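Below, each chain spelled out in residue letters.
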Amino acid sequence: MILYKNDIAKLNEIITSHTKVFVLLDENTEKFCLQIINSIDLLKSNTIKIVIPSGEQNKNIETVQYIWSRLVENHADRKSLLINIGGGMVTDIGGFAASCYQRGIDFINVPTTLLGLIDAAVGGKTGIDFQGLKNQIGVFSQPLAVVILFEFLETLHKRELLSGLAEIIKYGFIVDKVFLEARLQNSPVNPVNPVLIKKAIEVKDEITCQDTTEHGRRKILNFGHTVGHALETYLLDNHQEIRHGEGVALGIVSALYLSEKYCNLSHDITLYYKDIYSKNFNRFDLTKIPVDDLMEIMRHDKKNEGGDIRFVLIEDIGKPVYDVVVKPEDVVDSITYLIDYLNDADYWGK
Ligand SMILES: NC(=O)c1ccc[n+]([C@@H]2O[C@H](COP(=O)([O-])OP(=O)(O)OC[C@H]3O[C@@H](n4cnc5c(N)ncnc54)[C@H](O)[C@@H]3O)[C@@H](O)[C@H]2O)c1
């Protein structure tokens, strides 16, 4: 259930039907978001705070153990509620912790990042990273509600907004070109466009409600994610900065290259996206990236079956195909293509 600001009465009805209410925050959402929540009287009941360290490197089993310990020491029972207030890191880990605690307690997601709003908080994927692999452990488990408030975006760092923008652009390629605003190609855009954000939430909700456990059409949401996740995993393991959406934005370049090869996608669409990328996103230097390591990470991708590496590709804008088995040598070529693009002075004016 998606709730907006004018549905707060409904939210309080849900909250008061529980015995104890726990609020999960990371150190930044405690600092920036709690005051917004208090100012609009979002949480009328007494709550018990659980604060975890921020960042993807903390989306791990140790943090889950800490959450469970806090629930145990505060006598959380099966009618307790966990409200996850944060970006995708908090909603992923909080949803997972809640879904396992006493075989599952209710949880609500209150996303505070753009990426959280339009993607991570909606759809019921929960989980943590394990042994250097992203989201390796987790369960599908639906939140009771997702509460959408645009106010949180005001304190968000520009780089986090761009990370969300990447996922909005992804919806443009796989679902509806309305997400590909004309301005994207010409100049940097303001990622906070409430109309597009609401539409993106609807799209994610609609696709994930039809296919809750990702056996079919939901897979299209992974467009750009095969190479994107591998880059994110490798760079984070090697203590280099990258946001989830930045990985996806890079991964889309490789996915478009492969779409040309496997699905006859017009090269013009790849050129169009490269213009969008260079006007809006960071130029990463991937020259030294060990492609063999990326390939090894991709072999563990959850979308694979029987040892094949599978991609979501597109035949055209709005025409995705999933479960495309791609030959390893073509995956390597798609990464080389991405690296060459990032080194191509024509796009970057240097
Ligand atoms: N479950 C899903 O379907 C799904 C989908 C996409 C991504 N994800 C996951 O989401 C995670 C990425 O989410 P994210 O990009 O939101 O990152 P994040 O949760 O790590 O948040 C990014 C940073 O912004 C800070 N922050 C959050 N809200 C803030 C606010 N309002 N003001 C100031 N700072 C704020 C956080 O503390 C953090 O430092 C990844 O772990 C990814 O795997 C999950």
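Residues numbered from 1 in each chain as written. Predicted model: local features only at pLDDT ≥ 70, side-chain atom pairs only at ≥ 80, totals over all residues.

### Here's the deal with the overall build of the protein chain
Item 1. Scanning the protein chain for helices and strands turns up 14 helices and ten strands.
Item 2. For 350 residues, the compact-globule formula gives about 20 Å, and the C-alpha radius of gyration of the protein chain, at 20 Å, lands near that figure.
Item 3. Dimensions of the protein chain, computed from C-alpha atoms along their principal axes, come out at roughly 55 × 40 × 35 Å.
Item 4. Scored against the burial criterion, the 350 residues of the protein chain give a buried share of 45%.
Item 5. In the protein chain, the proportion of contacts linking residues at least 24 apart, taken out of those at least 6 apart, comes to 76%. (Helix = DSSP H or I, 4+ residues; strand = E, 2+ residues; numbered from the N terminus. Rg over C-alpha atoms; globule rule 2.2 N^0.38 Å. Buried ≥ 20, exposed ≤ 12 C-beta atoms within 10 Å, placed from the backbone. Contact = placed C-beta atoms within 7 Å.)

### Points about unusual backbone geometry
Item 1. Its identity is not glycine, yet H75 carries a phi of approximately 55°, on the positive side.
Item 2. Here H75 is to be found in the loop between α4 (61-73) and β4 (81-86).
Item 3. Not every positive phi belongs to a glycine, and Q102 is a case in point at roughly 50°.
Item 4. Along the chain, Q102 turns up in the loop between α5 (88-100) and β5 (106-111).

### Some thoughts on the pairing of strand β7 (residues 133-140)
Item 1. Across five bridges, strand β6 (residues 125-130) lies against β7 in antiparallel orientation. The residue of β7 that forms the bridge with F130 is L133.
Item 2. In sequence, β6 turns back onto β7 through a hairpin of two residues, with Q131 there showing a positive phi of about 50°. (Pairing = 2+ DSSP bridges.)

### Regarding the site of the ligand
Item 1. Every one of the 32 residues lining the ligand counts as a neighbour, but N28, G87, G88, M89 and T113 are closest to it.
Item 2. Taken together, the residues of the shell around the ligand sort by class into eight nonpolar, 15 polar and nine charged.
Item 3. Inspection of the shell around the ligand shows a minimum of three residues originating in each of domain 1 (2-154) and domain 2 (159-348). (Near = placed C-beta within 6 Å. Nonpolar A, V, L, I, M, F, W, Y, C, P; charged D, E, K, R; others polar. Domains from an automatic or database assignment.)

### Structural notes on the sheet that holds strand β8 (residues 145-147)
Item 1. Sheet architecture is open: six strands sit in the order β1-β8-β5-β4-β2-β3, paired in parallel fashion. Lying at the two open borders of the sheet, with one neighbouring strand each, are β1 (2-3) and β3 (48-52).
Item 2. Sheet topology note: the β1/β8 ladder contains two bridges and is parallel. By the bridge assignment, I2 is partnered in β8 with V146.
Item 3. Each of β2 (21-26) and β3 touches α4; the most contacted strand, β3, lies at about 165° to it. (Axes fitted to C-alpha atoms, helices over the stretch in contact; angles between N-to-C directions.)

### Some points on the packing of helix α12 (residues 291-299) against helix α13 (residues 328-343)
Item 1. Running from amino to carboxyl end, α12 crosses α13 at an angle of 125°, the nearest separation of the two axes being 11 Å. What the angle tells us is that α12 and α13 run oblique. Considering how the two elements wind past one another, α12 and α13 form a crossing that is right-handed. On α13, the residues that touch V291, L294, M295 and M298 of α12 are P328, V331, V332 and I335.
Item 2. Residue composition of the contact of α12 with α13, by class: eight nonpolar, no polar and no charged. (Parallel < 35°, antiparallel > 145°, perpendicular 65-115°, else oblique. Left-handed = near helix turned anticlockwise from the far one by under 90°.)

### Describing the domain arrangement of the protein chain
Item 1. The domain boundaries assigned to the protein chain delineate domain 1 (2-154) and domain 2 (159-348).
Item 2. The straight-line distance from the C-alpha centre of domain 1 to that of domain 2 is 27 Å.
Item 3. Listed by partner, the interface residues are 20 residues for domain 1 and 25 residues for domain 2.
Item 4. Those elements that place two or more of their residues in the side of domain 1 that touches domain 2 are α6 (114-120) and β7.
Item 5. With five residues, α6 is the largest single contributor of residues to the side of domain 1 that touches domain 2.
Item 6. Residues that form the side of domain 1 that touches domain 2 fall into these classes: eleven nonpolar, six polar and three charged.

### Comments concerning the packing of helix α9 (residues 225-237) against helix α10 (residues 244-263)
Item 1. Orientation of α9 relative to α10, taken along the N-to-C sense of each, is 135°, at an axis distance of 7 Å. Taken together, α9 and α10 sit at an angle that is classed as oblique. For the crossing formed where α9 meets α10, the hand is right-handed. The residues of α10 that touch α9, namely those facing H225, T226, V227, G228, H229, L231 and E232, are H244, G247, V248, L250, G251, S254 and A255.
Item 2. Looking at the contact of α9 with α10 residue by residue, the class counts come to five nonpolar, eight polar and one charged.

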